[in-house]
Amino acid sequence: MSYPELDWRASFQQQVNNRKSLFEIVISPRKSLKPPDGPGIKYKSDLLKSCKFQYIHKLAVQLSDPCELETILGQKHINNKLLYGLEPHPQLLSNKSFLPLEWFDDFEYDPMSVERWLSIDNLVAFALVQKRDSEEWVWHPVTVADYDRSSYLWTVMENGDCWEVPRVRLCFVYENPICFVERIRVALDNRSYAENRLRFYYLRQLVDVEDFFDPSANTEQRISQKSGKEALDAFKCIYRKVHIMLSLNLYLEQNKWLKINPVAVKLHKIDRSFKDNVRGMYDFSGRHASIRRIIMYSHPAVTQALEKVHYECEIVRRMALFSLDSNSSMTMAEFRTMNEAQLKRTMRYLKNGWIENITMQVHGSLLESGRGWFDVTVDKWTMYQFMKLYRLIEQIKFRMQTALRDMVQKSTEEYCHRLCDPCSLALSIEENFTWQGNLIDSPFDSGKRPVFNLLLEMGDDVPYYSTHPDEFSLCLETLFDEAVARTHDIQVIDPSLFGSLIFDPDLYLSSMGLIDPVIQQQKEHLALLYRKTIILLKAYAARFMEFKELFFTNLVEYIGTVRSSKTSLQVKEEISFQIRMCESLERTLPLSIVIGSFCINVHPLREALIQKRRELIAALLKMLTERLRVKTSDIVFDYNEIIRIMCEKPTSIEHIYEIRAFMETTPELLEKLEDRMKTVVFEYEILEYFRYALPDPDFYQKWHALAFPQKIMKQMISVYEFHEGEVDKFRKQQVSDEAGFGSRVEEVNVHISKFTTVYDVSKVAEVSIEVKKLWRTVQELMQYGETLNKRQDLFELPAIDLSNLFELRESFESFKNLWTFGAEYNNVEETWRENPLSSVAVDVVARIISQYKASFESLIDQFEEQPQIQDVVHTFLKRVKSFEPYLTVIKLLQHPLLEPIHWAQLAKSAGIKVKVSLATNFELFLANKIDQHLDMLRELIQKAEEQKDESERIQAEEEEIRRKEQEYMENRQMRRLQRTEI
C-alpha cells in the first residue's frame, strides 16, 4: 500500500484540534464512563481496574529531593520530555506525541481532593517547569499557591517565579511517588492509544475509495429487496468501514515501518440515542476558556487572513503549467515554445505575485490583532515558535502547498489527457507492427483534435518526417519534468512576512515530486503511448518506400532506356501504365492523415509523386513525338533527296542518263516511302489516342510528308521536258571536245620526243620530276579519251581512235622508269650514308640494292637501239654495284661486342680525329677509307669475343664457388639442428 503525497497535515491537525472529535475517538471505546465526583472530570480506564493503589497520610515519610522522583521515573523509562514535549505538526507516519498529556490524567489516582490539598499550609511539591533563563525542563521544588478549576491548572511559585502546571507534572511531597509515577505511566499509555487510534482512523479515511470496499452486487440486491434502501445504505457504511479496518490491520501487521498499530474491530448494536446520551452526560461549556486558549481560531483576524489565503490559493488552483488550448495542431518547436512561455508566466506569478499577495493580505489582517498571539512584529525565535502565529503560518504554508500540488496535479492530468487521449488506440500494438491497410484511412484516429503537425518527405534512404518522431517523447518528457521540478522553486512567505526574524534563504514550498507515484504513472503512461505512436509513424512512413524508386527516377535516364529498348507500341503501353499509376496515386494517397496525436501532411509528397508521374507521361509523349519527328524527317529527307536528284542541272550527257535512270526507279522508291509513312501515321495515332497536341512544326511536317508523292510525280514531267533541251546542247559540246582532244595528243607527243635526247646523269632529279608530270598527262589523256568514246556512244556517234595514244604511252614508259629509278636510288643511298650506323639495317639495304640492280639490268635490253641511253643505264647500274661491298663493312661495324675502347683503337688506326661509335654516320668512315682497315677491325672483334668468353668463364667459376659455399652452409646448419648434445 502506498500513500499519496497530498497535504494531509492540515486535515489531521484540524481533527486533533477538534476537542469533541478527540473525546469521541478516545473515550468512546471505554466502557467505565461515569460522571465526575466533584470538581474536574474523573474517569477510570480499563487499565486501572487491576492496579492496587497505596495512599499515605500527610504524616508519612515525604520526598526530600527531586532526584529521588527522577530516579523512580527513570526506572519506569519515563523521561521529562514525554511530559511536556509535543510535535507542533502532527505526522501520520511518526511516533512523536501531539496530544497534551494532561488530557489523559486519571483523577482516581489522587489520594485527596483539591480542597484537602489546599488546606495544608505551605504545601510543598515538585513541579516540572522551565526556568526563565534556560530552555531545560527540570523537577524543581515549589510552593503550591492556588488551583484554577476552569483550566485544571495548579499555580506554583518559587523565588518570585510563578507557573501554572497541570496535575500530571506536579508531585506533592506527601504523595506516594510510586503511585504518582504509575499515574503518569497510565496517562502516557492512554495518550499513545488515542494517538494511534487517531492515526489509524485518518489512514482509514485516506484509503476509503468509492466502490472498492463495497459489498457485491448480489448482496446489495438481496438486502435492498428484504430491508429497503435505508437499511442497505446503513449496511454498506458499516461493511465498508469494517473491511477497510480489517485490510488496514493486515497491512499494518506486515509493515511495521508505518509505526501505526492495528486497532481491534468490534461490532456493536447501533444505539441511535448514543450521541444524545453522551452529549447530555458530559458538558464541555465549562472548558470553553481552555479550548479558546489552545485553539488557533481565537481572533477574527485569523479567519480573515485564511479567507484571503484561500482566495489566493483558489486562483493558483485555476492556473495551468501548460498551454493546451490551441485550436489547431502545431509543430513540435511551436508546442515547446508555447509551453515554455506558459510555464515562464506561471512561475513568474507563483514566485512573485502569489507570494507578495498572500504576504500583504496576511500582514494586513494580522496587524489588526495587535500584540499577542499573532504579533507579526515578533523578533525572537523562541517566542515565535510558542505563539499561535507559528501554527497559523504553518497552516498557511500547508494550504499553499495543497493549492500548489492541486495545480500541479490538475496541470499534469490535463497535459497527459491532451497528449495521450488521441493516442489511446495505439496502446495495443506490438513492437513489430507494420501498416497493412490503405494509406488514406487511419484506424488510429480517435476523433480528437491532433496536437502536432508533421510533414512527410522522401529522403535519400528512407521517407522521413519534418521532425524525427523519436524527438517527441524526449521533448514532452522534458517539458513535463521541467514543469514539475520548477514548482519546487517557490519560497515560503515567512521571510517576506517577518522582517525581524532571519530565515534560511533555501526555504521552499513542497510540491508534487518527480518520484511521486501519480507523476511517475502519468509520465510512464505518456512515454508508453508515444513510444507506441512512434512505431505507428515509422510503420506508416515505411509504406512510402514503394514510392522511393518513382520519387528518385531520373527523367533523362528513364527516357533514354525507353527510347533504346521499346517500340512505339510498347511506349504506348508504358504511357497507359503511367496514366493508371497517376490516377492510382490520386486515389490512394491522402492529403493528410491523423495517427494518434499527429496530423501528418502528405500533400507535398503526394503532389511530388503525382507530378513525377505526369512528368514521365509528358516526357514519354515528347520522346514519342521526337521519335516520330525523326522518322518523318528521314522520310521527308528522302523525298527531298529524290527531288534534288531529279532537279539537278545536268553537267554532261552521262548525268542526264543517270537522272533518267534514277527517275525510272522513283515510283518504286515512292511506294516504299509511302509504306514507311503509313507506319509513322499509325504511330501518330498513338499521340491522338492520348489527345496530345502536336507542335506546329511537327504538324506541318507530317502533312507535308503525306503530300510529297504527288508533288514528286508532277516534278518528274517537268524534268523530262527540261532534259530534251539539254541533250542538244551537250551534243554540240561533244564535237568541240573531240577536236580539242586531238590537239592535246599532238602536244604530248612533241614533249615526249624531247626526252629521247637527254643523257646528263647529274640532272637525274630534275629530269625525273618532268618525266613524272608528262606521264601523268598521258594518263589523263587516256581517261579523257575513254570518256569521249562513252559520250560518242550515248550520242550514237562513231568512236574516236586511241591506238596512237596507247603506243605513245608504251614507248614512254621505259624512259619514265629509267629516270625515276635513278632518282630514287640516289635518295636511298644518300640516306644510308648520312644516317647513324645503328639505324642502317644491312638486310634491308641488301634487298633494296638487289631490287634496283635487277630493275636497271632489265632496262638495258629495252634500250639496245639507243646506245647513249643504254650508257645512262650502265652508269646507274655501276653506282648500285659500287655500294654493294660496303655491306660487309657496315656489318662488321655493327658488331655488338665492340666497346668504346675498341672504337677508340679503330679510330686511331684509321686516323679518324673524332670520337666514333654506332651513332656515327657511315659517310665519316668512307671518307677515312675504313675499307683499308678491315683486318684491324676483325682483330678487334676477335679480341672482344675472347674477352667475352673469358668473362663468362670467370663468372661461371664464381657462381660455382658461391653454390658450393651455400650448399656447405646449409649442410652445416642441418648438422647443428641434428646435434643432441646442445
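Sequence order as written defines residue numbering, which begins from 1 separately in each chain. For a predicted model such as this one, the threshold for reporting local features is a pLDDT of at least 70, and the threshold for listing and counting side-chain atom pairs is 80 or more; totals across whole chains, interfaces and linings nevertheless cover every residue. Side-chain metrics in this entry use all non-hydrogen atoms of the structure; hydrogen atoms and water are not considered.

1. Topic: the overall build of the protein chain
Reasoning step 1: Within the protein chain, the secondary structure is distributed over 31 helices and nine strands.
Reasoning step 2: Considering only contacts in the protein chain between residues 6 or more positions apart, those separated by 24 or more positions represent 76%. Helix and strand definitions follow DSSP, with helices as H or I runs of at least four residues and strands as E runs of at least two, each counted in order from the N terminus. The contact rule is simple, with two residues in contact once any of their heavy atoms fall within 4.5 Å.

2. Structural notes on the sheet that holds strand β2 (residues 137-148)
Reasoning step 1: Any two strands with at least two DSSP bridges between them are considered paired. Across the sheet, which stays open at both edges, the five strands sit in the order β4-β3-β2-β1-β5 with antiparallel pairing between neighbours. Two strands in the sheet have a free side with no partner beyond their single neighbour: β4 (161-166) and β5 (170-172). Across the sheet, the axes of successive neighbouring strands diverge by a mean angle of 45°, strand direction being ignored.
Reasoning step 2: Interaxial angles span 0 to 180 degrees and are taken between N-to-C directions of axes, which are lines fitted to C-alpha atoms, for helices over the stretch in contact. Against the sheet, helix α3 (residues 66-75) makes contact with β1 (124-130), β2 and β5, and its axis sits at roughly 105° relative to β2, the strand it touches most.

3. Here we look at the environment of Ser510
Reasoning step 1: Mapping Ser510 onto the fold places it in the loop between α16 (494-497) and α17 (517-542).
Reasoning step 2: C-alpha separation for the pair Ser510 and Ile490, spaced 20 residues apart in sequence, amounts to 8.4 Å.

4. A few points about helix α14 (residues 388-420)
Reasoning step 1: Expected span, for any helix, means 1.5 Å times one less than how many residues it has. Taking 1.5 Å of rise per residue, the 33 residues of α14 would be expected to cover 48 Å, and the 47 Å separating its terminal C-alpha atoms lies within 8% of that figure.
Reasoning step 2: For every residue, the accessible area obtained with a 1.4 Å probe (protein chains only) is divided by the maximum for its type, and the residue is called buried under 20%, exposed over 50%, and partly exposed between those limits. Burial within α14 is extensive, with 24 of its 33 residues counted as buried.

5. A closer look at the pattern of salt bridges
Reasoning step 1: The term salt bridge refers to a side-chain nitrogen of Lys or Arg lying within 4 Å of a carboxyl oxygen of Asp or Glu. Counted under the stated rule, the structure contains 31 salt bridges.
Reasoning step 2: Residue Asp105 pairs with Arg183 through a salt bridge whose shortest N-O separation is 2.7 Å. Residue Asp105 is found in the loop between α4 (81-84) and α5 (114-118), and its partner Arg183 is found in helix α6 (residues 177-206); the two are separated by 78 residues along the sequence. Assigned by exposure class, Asp105 and Arg183 land together as buried.
Reasoning step 3: Two residues, Glu115 and Arg149, come together in a salt bridge whose shortest N-O distance is 2.4 Å. You can see Glu115 sitting in helix α5 and its partner Arg149 sitting in the loop between β2 and β3 (153-158), a full 34 residues away along the chain.
Reasoning step 4: Look at Glu115 and you get partly exposed, because its relative accessible area is 40%.
Reasoning step 5: Judged by relative accessible area, Arg149 falls into the partly exposed class, the value being 39%.
Reasoning step 6: Residues joined in a network through salt bridges with shared partners are Glu182, Arg185 and Asp189.

6. Considerations on the packing of helix α11 (residues 300-318) against helix α12 (residues 332-367)
Reasoning step 1: One way to put it is that α11 packs onto α12 with a least axis distance of 8 Å and a crossing angle of 165°. Taken together, α11 and α12 sit at an angle that is classed as roughly antiparallel. Crossing handedness for the pair α11 and α12: right-handed. Where α11 abuts α12, its residues Ala301, Gln304, Ala305, Lys308, Val309, Glu312, Cys313, Ile315 and Val316 lie against Tyr349, Leu350, Trp354, Asn357, Ile358, Gln361, Val362, Ser365 and Leu366. Here is the rule for angles: anything less than 35 degrees is roughly parallel, anything more than 145 is roughly antiparallel, 65 through 115 is roughly perpendicular, and the remaining ranges are oblique. Crossings are sorted by hand: turned counterclockwise from the far helix by less than a right angle, the near helix makes the crossing left-handed, and turned clockwise it makes it right-handed.

7. Things to note about a negative patch on the surface
Reasoning step 1: Together, Glu945, Glu946, Asp949 and Glu952 give the surface a local cluster of negative charge.
Reasoning step 2: With respect to the element layout, Glu945 can be found in helix α31 (residues 934-978). To count toward a patch, a residue needs a relative accessible area over 30% and no salt bridge; like charges are then connected within 9 Å, while nonpolar side chains (Val, Leu, Ile, Met, Phe, Trp, Tyr) are connected within 5 Å. We get accessible surface area from the Shrake-Rupley algorithm with a probe of 1.4 Å; when it comes to residues, only the shown protein chains can shield them. Only four residue types enter the charge count, namely Lys and Arg as positive and Asp and Glu as negative; His and the chain termini do not. A charge is said to be at NZ when it belongs to Lys, at CZ for Arg, at CG for Asp and at CD for Glu.

8. Focus on the confidence of the model for the protein chain
Reasoning step 1: Think of pLDDT as the predictor's per-residue confidence, scored from 0 to 100. Of all residues in the protein chain, 84% have pLDDT values of 70 or greater, and the mean over the chain is 79.
Reasoning step 2: Taken element by element, the predicted model of the protein chain shows its lowest mean pLDDT in helix α2 (residues 19-27) (37) and its highest in strand β9 (residues 598-601) (93).
Reasoning step 3: Within the model, the stretch residues 270-275 combines pLDDT values under 50 with two contacts to residues more than four positions away or in other chains.
Reasoning step 4: Within the model, pLDDT remains below 50 along residues 277-288, and this stretch shows ten contacts once partners closer than five positions in the same chain are excluded.

9. Things to note about the sheet that holds β9
Reasoning step 1: Strand order in this open sheet of four strands is β7-β6-β9-β8, and the pairing throughout is mixed. Unpaired on one side and paired on the other, β7 (463-465) and β8 (592-595) mark the two borders of the sheet. Neighbour to neighbour, the strand axes of the sheet diverge by 25° on average, direction disregarded.
Reasoning step 2: Inspection of the sheet shows β8 paired to β9 by four bridges, in the antiparallel sense. The residue bridging Ile595 from the neighbouring strand is Phe598, located in β9.

10. Some words on the state of the cysteines
Reasoning step 1: A pair of sulfur atoms, both from cysteines and within 2.5 Å, is called a disulfide here. Under the defined criterion, the tally for this structure stands at zero disulfides.
Reasoning step 2: Considering cysteine sulfurs only, Cys416 is the nearest to Cys420, which forms no disulfide, with 5.1 Å between them.

11. Let's talk about the packing of aromatic side chains
Aromatic ring pairs are reported here in terms of the distance separating the ring centres and the angle at which the planes meet.
Reasoning step 1: Planes of paired rings set the category: under 30 degrees apart is stacked, over 60 is edge-to-face and the rest tilted, where pairs are Phe, Tyr or Trp rings (Trp by its six-membered ring) whose centres lie within 6.5 Å. A complete count under the given rule lists 27 aromatic pairs for this structure.
Reasoning step 2: One aromatic cluster is present, built from ring pairs that chain together Phe433, Trp435, Phe444, Tyr540, Phe544 and Phe547.
Reasoning step 3: Its end group placed over the ring of Tyr689, Lys572 keeps NZ or CZ at 4.6 Å from the ring centre.
Reasoning step 4: Taking NZ or CZ as reference, Arg660 lies 5.9 Å from the ring centre of Tyr657, over its face. Remark: a charge is flagged as sitting over a ring if the NZ atom of Lys or the CZ atom of Arg is within 6 Å of the ring centre and within 35 degrees of the ring normal.

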